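Fold and contact review
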Amino acid sequence: GLAIGWFRRRQREKGAKGVLILSVVGNLAILGFFKYTDFAINNINGLLGTAIPALGLLLPIGISFYTFQTMSYTIDVYRGDAHAQRNLISFAAYVCLFPQLVAGPIVRYNEIQQQLGSRQETLDRVCGGMCRFVQGLAKKLLLANSMGAIADTVFSLTRLWHTQYLVPAALAWVGAAAYMLQIYLDFS
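The structure reproduced in this document is the subject of the present report. A quick note: this is a predicted structure, and the numbers were derived from the prediction, not measured. (Residues numbered from 1 in each chain as written. Predicted model: local features only at pLDDT ≥ 70, side-chain atom pairs only at ≥ 80, totals over all residues. Heavy atoms only, no water.)

Right, let's get into the nonpolar core. The tendency in soluble globular proteins is for nonpolar side chains to be buried side by side. With 10 residues, the main nonpolar core is built from Tyr-73, Val-77, Ala-82, Ala-84, Tyr-94, Val-95, Val-107, Tyr-109, Ile-112 and Leu-116. Among the elements of the structure, α3 (63-79), α4 (88-95) and α6 (109-118) are those that each provide at least two residues to this core. Dropping the residues within four chain positions of it, Ile-112 is found in contact with Tyr-94, Leu-97 and Val-107. Ala-16, Leu-20, Val-24 and Met-71 belong to the second largest nonpolar core, which has five residues in total. (Core = buried A, V, L, I, M, F, W, Y, C linked by side-chain atoms within 4.5 Å. Buried < 20%, exposed > 50% of the residue type's maximum accessible area, 1.4 Å probe, protein only. Helix = DSSP H or I, 4+ residues; strand = E, 2+ residues; numbered from the N terminus. Contact = heavy atoms within 4.5 Å.)

Within the secondary structure layout, Val-107 lies in the loop between α5 (98-103) and α6. Considering only alpha carbons, one finds Val-107 and Ser-72, 35 residues apart in sequence, at a separation of 7.9 Å.

Summed over all chains, the structure comprises one salt bridge. Residue Asp-186 pairs with Lys-140 through a salt bridge whose shortest N-O separation is 3.2 Å. Taken as a pair, Asp-186 in helix α8 (residues 169-187) and Lys-140 in helix α7 (residues 123-156) lie far apart in primary sequence, 46 residues in all. For Asp-186, a relative accessible area of 31% translates into the label partly exposed. (Salt bridge = Lys/Arg side-chain N within 4 Å of Asp/Glu carboxyl O.)

Our next topic: the side chain of Ser-90. Inspection of the secondary structure puts Ser-90 in helix α4. Ignoring any residue separated from it by four or fewer positions in sequence, one finds Ser-90 in contact with Gln-85, Leu-116 and Arg-119.

With that settled, the discussion passes to the packing of aromatic side chains. Aromatic ring pairs are described here by two measures, namely the spacing of the ring centres and the angle between the planes. Per the counting criterion, the structure on display carries three aromatic pairs. Seen in terms of ring centroids, Phe-33 and Phe-34 are 5.5 Å apart; in terms of plane orientation they differ by 80°. Their pairing is edge-to-face. For Phe-34, a relative accessible area of 28% translates into the label partly exposed. (Phe/Tyr/Trp six-rings, centres within 6.5 Å; stacked < 30°, edge-to-face > 60°.)

In short, the description is geometric, and any link to function would need to be established separately.
The structure is reproduced here in structure tokens:
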């Protein structure tokens, strides 16, 4: 909503910069609250000898990415690099853009604005997307995690030879190959 208001008024009008600062500070405050409240409470207790109970906050999954995605959007709209998104579904698709959410980096809104506006949902595309998702999930759960277990086992064997940290060369290659496959399959 703020972005639409900025776009209408343009970036140079009075108050637009203040609203941008408020948006950025608000986003960072939410992120800081979830990430650092218990840390701050524990430090205060340690320094002052108090017994303030920690809140035990659960960190929402992907909060940093969501925060920086929305900040990228508002900054791009403020600068005039992008038009404000009027479609809530398109905005949510940008913020929750799954492939880059798990692998990074932050994608600026103005880089994909046109793609969001020109996408078409058809039954064939939805089914195709579901198939790709299931294939990727299978790669992750069945193949990548199995390779990771092999690599972890091989790499933990160095504890058995704790005085020299040596493992047989063939076993080291098995561990390295399994680790390579794990990384490849995780990102493919």
